[in-house]
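Close look at the chain arrangement
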Amino acid sequence: MTNSMLKLEHLIDIKSLETSEIEAIAKRALEIKNGAKHLSCAGKHAALMFFENSTRTKFSFEMALNKLGASVYNFETSKSSLSKGEDFFDTLNNLAAIGFDACIIRTGEEGLIKRTIKETEDSRKFFKNIALINAGEGVSAHPTQALLDFVTIKENFKNLNGLNLVIVGDIRHSRVAKSNIELLSRFGVNIKCAAPEYFKDETLKNVVWCENLNEALKDADIVMTLRIQKERIQDIIEFEDYIKNFQVNENNLPDGCILMHPGPVNRDVELSSALIDSKRGKTILNQAHNGVFTRMAVLEAILGGCDV
Ligand code: CP
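Residues numbered from 1 in each chain as written. Predicted model: local features only at pLDDT ≥ 70, side-chain atom pairs only at ≥ 80, totals over all residues. Heavy atoms only, no water.

**Quick notes on the nonpolar core**
- Within the largest apolar cluster, 85 residues are counted, with the highest numbers of intra-cluster contacts made by I104 and I167.
- Top contributing element to this core by residue count: helix α11 (residues 282–303), with 10 residues.
- Once you skip the residues sitting within four places of it in the chain, I104 turns out to touch A46, A47, L48, M49, F50, F61, L65, I133, A135 and L299.
- Counting residues in hydrophobic clusters, the runner-up holds 17 residues, among them L82, F88, F100 and L112. (Core = buried A, V, L, I, M, F, W, Y, C linked by side-chain atoms within 4.5 Å. Buried < 20%, exposed > 50% of the residue type's maximum accessible area, 1.4 Å probe, protein only. Helix = DSSP H or I, 4+ residues; strand = E, 2+ residues; numbered from the N terminus. Contact = heavy atoms within 4.5 Å.)

Rendered as structure tokens:
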């Protein structure tokens, strides 16, 4: 594939991507994984701006940028002038002026990336040549996670139409769940969400809710478990009750389905250690592995580059 490939200005969320763009990113990620030549992004400069902690997303973006030959810079919030009260928009404006081509942003602030891009299109003057890439935002969007999950599912199933996906856990607070629901429902995947009342989000479209895990798991092709944020449930219910009713383990995971988790995993909470360490737990590490190729595909589309 050459420079005539997919071009993207920013990566805001899954909603902002055409279905054909999602397909093109996944195809390209699998091509790169299978040994196709990637573009060279030498001479491009990207800043990692992580205002929330991360292992997988941050390091796989960093590795993807290194593999593409781009220069990577870590934006250290506490040592930056944001800590002196500089406006975020002004910070980006200055990074663009310095010569950055892209900022990869993880933030707890809902809608920050879209709002910032809109500001550039409205009144405030902005260097137009800087791309913003969402690396996880609030509780609503984690587009590269959904894209890498899509790649992982495509490696396991020829056709996604009619597959049964069960998402288990804290759906209400999960940006991974929201982006996956948005993406996978477009490809005809049937989505069941298994969660106790306090983790439901009734505003979500294209899902069926189920409070009985075993009922939900019947006929599952894919079981996607989510991290339980322990601090969120201890005030609501006995922690042990959650484990008893919603933990996915070697006894309740149906034969033949694949097991996914975006990470980080709470061992023996949402997933049993025995299952994580079994052959069936390997898909979880494959998700992390695919994160590098998926992010390379996204970065090629945004940064451009040339054949090497
Ligand atoms: N899946 C995911 O976003 O993991 P990190 O928080 O470690 O990046």
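**Some details on the pattern of salt bridges**
- Enumeration over the complete set of coordinates arrives at 12 salt bridges.
- Across the pair E300 and R28 runs a salt bridge whose closest N-O atoms are separated by 2.6 Å. You can see E300 sitting in helix α11 and its partner R28 sitting in helix α1 (residues 19–33), a full 272 residues away along the chain.
- Looking at E300, the relative accessible area reads 1%, which means it is buried.
- A relative accessible area of 2% means that R28 is categorised as buried.
- Its salt-bridge partner being K33, residue E155 comes within 2.8 Å of it at the nearest N-O pair. Of the two residues, E155 sits in helix α5 (residues 143–156) while K33 sits in helix α1, which places them 122 residues apart along the sequence. (Salt bridge = Lys/Arg side-chain N within 4 Å of Asp/Glu carboxyl O.)

**With respect to the side chain of N266**
- Among the secondary structure elements, N266 is positioned in the loop between β9 (258–260) and α10 (273–276).
- Here the side chain of N266 touches I228 through a polar contact of 2.5 Å, landing on its backbone oxygen.
- Discounting residues that sit within four places of it in the chain, N266 has contacts with R227, I228, K230 and L271. (Polar contact = N/O pair within 3.5 Å; in protein donor to acceptor, adjacent residues only side chain to side chain.)

**Examining the site of the ligand**
- Surrounding the ligand, one finds S54, T55, R56, T57, R106, H142, Q145, P262 and G263.
- A distance of 2.6 Å separates an oxygen atom of the ligand from a polar atom in the side chain of S54.
- Note that an oxygen atom of the ligand is positioned 2.6 Å from one of the side-chain N or O atoms of T57.
- Protein burial of the ligand: of its 250 Å² of free accessible surface, 92% is covered by the chains.
- Looking at the shell around the ligand residue by residue, the classes come out as one nonpolar, six polar and two charged. (Near = heavy atom within 4 Å. Areas by Shrake-Rupley, 256 points an atom, 1.4 Å probe, with all protein chains shown as cover. Nonpolar A, V, L, I, M, F, W, Y, C, P; charged D, E, K, R; others polar.)

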